[in-house]
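In case you want the letters, here they are:
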Amino acid sequence: MRIADFADLAVSCRENLLRFEGFRTNSMVSSLRWPDDVVEQFLYDHGDNDAFLHDYGDIDLSKVQWDVEIVPIGELVKMPTGAFDSGCVEEYAADPDHWVRVRNRGIHMGVAQCWEAHGTWKRWPILIDRGLLDPPGSGLQIVEGRTRVGVLRGRHRQGAFVAERHLAWVGRSSA
């Protein structure tokens, strides 16, 4: 299964009353056995995103296993994102206070408080082992959470309080 296989379903569910629940419970989606948070941030939110289709379209999603891992700040401040999103993390890092300030409603309530109290994000970003990519690489890559990682980088450069270690969803080969 490839990300393109989910594009039409994601659009259809977002545009009608099925929403995420309808997407999540679709047999093709549930057969992946991915955590709901990863399904939502990766496939549902971005299944039809051209940049994601380009950067992650060759990955056999049925061979990716997700787990929560602790990632040190030293890795996160250097971690790349996909080629089509190249540079966007640095755009967010240029003004982290703005990106924290504008995330203050709905699901984003509490974002500023998480940064202030814990020095980290409210919702775990999605990272992937670069060995799954074509061509394969080493280390991890940011799939989703580019704003979050940008805020982290910017705050780190400013000398603002940031935690030394951060939780993230990490996809690795299950084979």
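Quick summary incoming for the structure in this document.

**Considering the nonpolar core**
In terms of nonpolar packing, the biggest core is built from 27 residues, with Phe23, Trp34, Phe42, Leu43 and Trp66 touching the most fellow members. For this core, the secondary-structure elements that each account for two or more residues are helix H1 (7-15), helix H2 (19-24), helix H4 (36-46), helix H5 (50-56), strand S1 (64-72) and strand S2 (126-129). The element that contributes the greatest number of residues to this core is H4, accounting for 5 residues. When near neighbours in sequence (up to four residues on either side) are disregarded, Trp66 contacts Trp34, Pro35, Val38, Phe42, Ile126, Leu127, Ile128, Trp169, Val170 and Gly171. Core analysis: the next-biggest nonpolar cluster, separate from the first, contains 20 residues, Cys88, Val89, Leu127 and Val151 among them.

**Regarding the sheet that holds strand S4 (residues 165-173)**
Spatial ordering of the open sheet is given by S1-S4-S2-S3, a layout of 4 strands whose pairing is mixed. The open sheet has two edge strands with one neighbour each: S1 and strand S3 (140-144). The sheet shows a mean angle of 40° between the axes of neighbouring strands, taken without regard to direction. Sheet analysis places S2 next to S4, joined by 3 bridges and oriented parallel. Looking at the pairing, Ile128 lines up with Gly171 of S4. The sheet strands contacting H4 are S1, S2, S3 and S4, and the helix crosses S2 at an angle near 90°. This element, helix H10 (residues 146-158), spans S3 and S4 of the sheet and lies at about 120° to S3.

Calculation criteria
- Residues numbered from 1 in each chain as written.
- Predicted model: local features only at pLDDT ≥ 70, side-chain atom pairs only at ≥ 80, totals over all residues.
- Heavy atoms only, no water.
- Core = buried A, V, L, I, M, F, W, Y, C linked by side-chain atoms within 4.5 Å.
- Buried < 20%, exposed > 50% of the residue type's maximum accessible area, 1.4 Å probe, protein only.
- Helix = DSSP H or I, 4+ residues; strand = E, 2+ residues; numbered from the N terminus.
- Contact = heavy atoms within 4.5 Å.
- Pairing = 2+ DSSP bridges.
- Axes fitted to C-alpha atoms, helices over the stretch in contact; angles between N-to-C directions.

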